[in-house]
Amino acid sequence: MSWCTIESDPGVFTELIQQMQVKGVQVEELYSLDIDFLNNLRPVYGLIFLFKWRPGEKDERPVIKDPNPNLFFASQVINNACATQAILSVLLNCPDIDIGPELSKLKEFTKNFSPELKGLAINNSEAIRTAHNSFARPEPFVPEEQKAAGKDDDVYHFISYIPVDGVLYELDGLKEGPISLGQCPAGPDYVEWLKMVQPVIQERIERYSKSEIRFNLLAVIRNRKEIYTAELKELQKKRERILQQLATIQSDRLTDKTSFEALNKQLSEVNSEIESATEKILIEEEKFKRWRTENIRRKHNYIPFLFNFLKLLAEKKQLKPLIEKAKQQKSSSSR
């Protein structure tokens, strides 16, 4: 069974990850490589970069033929699966992520495999392929074999950047092995590895920018709602403690005015932080709701509706005049 092409979109990738039974993770699209912006997203488990693939382009950087055994690297042996493979390159290389039973079994089963065999194992995973192909666009005609991209077709490719065991790696399934970008003493919770990867991605963008503007950079991060919910619970506990202290002071005949004012100030600050955390949770809930709606529309088959609509227009003898009008407009615009 073939693998479909899926859209590079944070909502698509987040739902795909959820369908693979991974917990506590989401994907965000990045519009800036500014360190302060990236720092606000921590922990960042990995970055996924989409770019237009150019055949014949040389990369002189050495690949690691005998990589760290803790590093999961798979060769890409499947057409159209580079997006899912880039996601797996991040998920299967971060021990902090709950990857669920299916991916845990895959990781354990393939731990001593070569990159080629790991790629074949991904191809043979029914659960991964089903999750990936759930985003297939409905087509009126399904060919037996997928047409290979021609020389004039645009072909896009995904690669991953991740810190593993103190080293920053670039993982590209079309290469023979991972590429080391240098020693990186910190992991996903720290900003150091983001500072290291920033110029690497920037250089790649600048290399293509004269002829190509279609890039996409996505971050695999911890679920923001879970982070904000944990923060909210801590703030609510803090508010309870302040209220108890205020009640104690008020019940004391010798009220310490300075302490009373300081606690009131703390209470005001905590209330403001609670309001901010609550607002962030609501924003995340709205975002996920929007993503669900967009994904339903992506997957919905509109072809029967369009077919019946055209049939209805033909029965009312309105289709032919509309076709002729469209032809005239096309003819006049091409002059």
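This is a predicted model, so every value here is computed, not measured.

Thresholds applied
- Residues numbered from 1 in each chain as written.
- Predicted model: local features only at pLDDT ≥ 70, side-chain atom pairs only at ≥ 80, totals over all residues.
- Heavy atoms only, no water.
- Disulfide = S-S within 2.5 Å.
- Buried < 20%, exposed > 50% of the residue type's maximum accessible area, 1.4 Å probe, protein only.
- Phe/Tyr/Trp six-rings, centres within 6.5 Å; stacked < 30°, edge-to-face > 60°.
- Helix = DSSP H or I, 4+ residues; strand = E, 2+ residues; numbered from the N terminus.
- Core = buried A, V, L, I, M, F, W, Y, C linked by side-chain atoms within 4.5 Å.
- Contact = heavy atoms within 4.5 Å.
- Patch = residues over 30% accessible without salt bridge, like charges linked within 9 Å, V, L, I, M, F, W, Y side chains within 5 Å.
- Areas by Shrake-Rupley, 256 points an atom, 1.4 Å probe, with all protein chains shown as cover.
- Salt bridge = Lys/Arg side-chain N within 4 Å of Asp/Glu carboxyl O.
- Pairing = 2+ DSSP bridges.

Colleague: Can you explain the state of the cysteines? Please cite residues and give values.
Modeller: Inspection of every chain in the model, using the stated rule, returns zero disulfides. There is no disulfide at Cys4, and the cysteine sulfur nearest it, in Cys82, is 12 Å away. The class of Cys4 is buried, set by a relative accessible area of 11%. This cysteine, Cys94, is not joined by any disulfide, and Cys184 carries the nearest cysteine sulfur, 13 Å off.

Colleague: Describe the packing of aromatic side chains, and please don't skip the residues or the numbers.
Modeller: On inspection of all chains with the given rule, the structure shows six aromatic pairs. When the centroid spacing of 5.1 Å and the interplanar angle of 50 degrees are considered together, the rings of Phe288 and Trp291 count as tilted. Taken together, the residues span about one helical turn, with Phe288 and Trp291 both in helix H9 (residues 257-299) at a distance of three residues. Neither residue differs from the other here; Phe288 and Trp291 are each classed as buried.

Colleague: Could you give me a rundown of the nonpolar core, with the residues and numbers involved?
Modeller: By size, the foremost hydrophobic cluster in this structure holds 46 residues, and its most contacted members are Phe13, Met20, Val22, Leu91, Leu103 and Ile122. Setting aside its immediate chain neighbours within four residues, Met20 contacts Ile87, Leu88, Leu91, Ile99, Leu103, Ile128 and Ala131. Within the second largest apolar cluster, 21 residues are counted, among which are Leu33, Val44, Tyr161 and Leu194.

Colleague: Hey, could you go over a nonpolar patch on the surface for me, with residue numbers and the actual values?
Modeller: On the surface, a cluster of nonpolar side chains totalling about 510 Å² of accessible area is made up of Tyr302, Phe305, Leu306, Phe309 and Leu310. With respect to the helices and strands, Phe305 occurs in helix H10 (residues 303-315). Residue classification places Phe305 among the exposed positions, given a relative accessible area of 52%.

Colleague: Account for the pairing of strand E4 (residues 167-171), with residues named and values stated.
Modeller: Two faces, one strand: in a regular strand the side chains alternate between the faces of the sheet. Of all five residues that make up E4, five are buried, and the element is covered over most of its length. Residues Val167, Tyr169 and Leu171 line one face of E4 and the alternating positions Leu168 and Glu170 line the opposite face, and both faces are buried. Pairing of strand E3 (residues 156-164) with E4 involves five bridges; the strand directions are antiparallel. Looking across to E4, one finds that Tyr161 is bridged to Glu170. Linking two consecutive strands that pair antiparallel, namely E3 and E4, is a turn of two residues; a positive phi of about 50 degrees is found at Asp165 within it. One ladder, built from three bridges, connects E4 with strand E5 (residues 179-183); its direction is antiparallel. Of the residues in E5, the one forming a bridge with Glu170 is Ile179.

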